[in-house]
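Overview (structure and organization)
Here is what each chain is made of, one letter per residue.
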Amino acid sequence: MGLIVLAAIVVAVVGGCVCVVWASRGGPRWVRGVAAVTLVMGEVVRTLARSSRSSSRSGSSSGSDD
């Protein structure tokens, strides 16, 4: 079951990336919509990853791990 979910996520990400490239070359309206959603979701994931990293760094007692 987990493998099916992971495969669906990978297919959605790859499809979103294809739509972003296609929209940059002037694809149809639905492709531009999917591309916009893909870019917004990418920003959301990036923001969540940054906040997760900053909160884990502030909570750690060790030095910098970069």
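The structure under discussion appears in the preceding block.
A quick note: this is a predicted structure, and the numbers were derived from the prediction, not measured.

The subject of this paragraph is the overall build of the protein chain. Across its full length, the protein chain carries two helices and zero strands. In the protein chain, which comprises 66 residues, the proportion classed as buried is 9%.

Below, the discussion takes up the packing of aromatic side chains. Per the counting criterion, the structure on display carries one aromatic pair. With 5.7 Å between their ring centres and 90° between their planes, Trp 22 and Trp 30 make a pair best called edge-to-face.

This next bit is on the pattern of salt bridges. Applying the stated criterion to the full structure yields one salt bridge. One salt bridge in this structure joins Glu 43 and Arg 46, with 2.8 Å as the shortest N-O distance. Taken as a pair, Glu 43 and Arg 46 lie in helix α2 (residues 29-59) at a separation of three residues, close to a single helical turn.

Take a nonpolar patch on the surface next. Side chains of Leu 3, Leu 6, Val 10, Val 14 and Val 18 sit close together on the surface and give an oily, nonpolar patch of about 480 Å² of accessible area. In this fold, Leu 6 is placed in helix α1 (residues 2-24). Leu 6 sits in the partly exposed class, given a relative accessible area of 49%.

Let us look at the state of the cysteines. For the coordinates displayed, the defined rule picks out zero disulfides. In this model Cys 17 remains outside any disulfide bridge; the closest cysteine sulfur is found in Cys 19, 9.4 Å from its own. Looking at Cys 17, the relative accessible area reads 43%, which means it is partly exposed. A relative accessible area of 9% means that Cys 19 is categorised as buried.

Cut-off values and rules
- Residues numbered from 1 in each chain as written.
- Predicted model: local features only at pLDDT ≥ 70, side-chain atom pairs only at ≥ 80, totals over all residues.
- Heavy atoms only, no water.
- Helix = DSSP H or I, 4+ residues; strand = E, 2+ residues; numbered from the N terminus.
- Buried < 20%, exposed > 50% of the residue type's maximum accessible area, 1.4 Å probe, protein only.
- Phe/Tyr/Trp six-rings, centres within 6.5 Å; stacked < 30°, edge-to-face > 60°.
- Salt bridge = Lys/Arg side-chain N within 4 Å of Asp/Glu carboxyl O.
- Patch = residues over 30% accessible without salt bridge, like charges linked within 9 Å, V, L, I, M, F, W, Y side chains within 5 Å.
- Areas by Shrake-Rupley, 256 points an atom, 1.4 Å probe, with all protein chains shown as cover.
- Disulfide = S-S within 2.5 Å.

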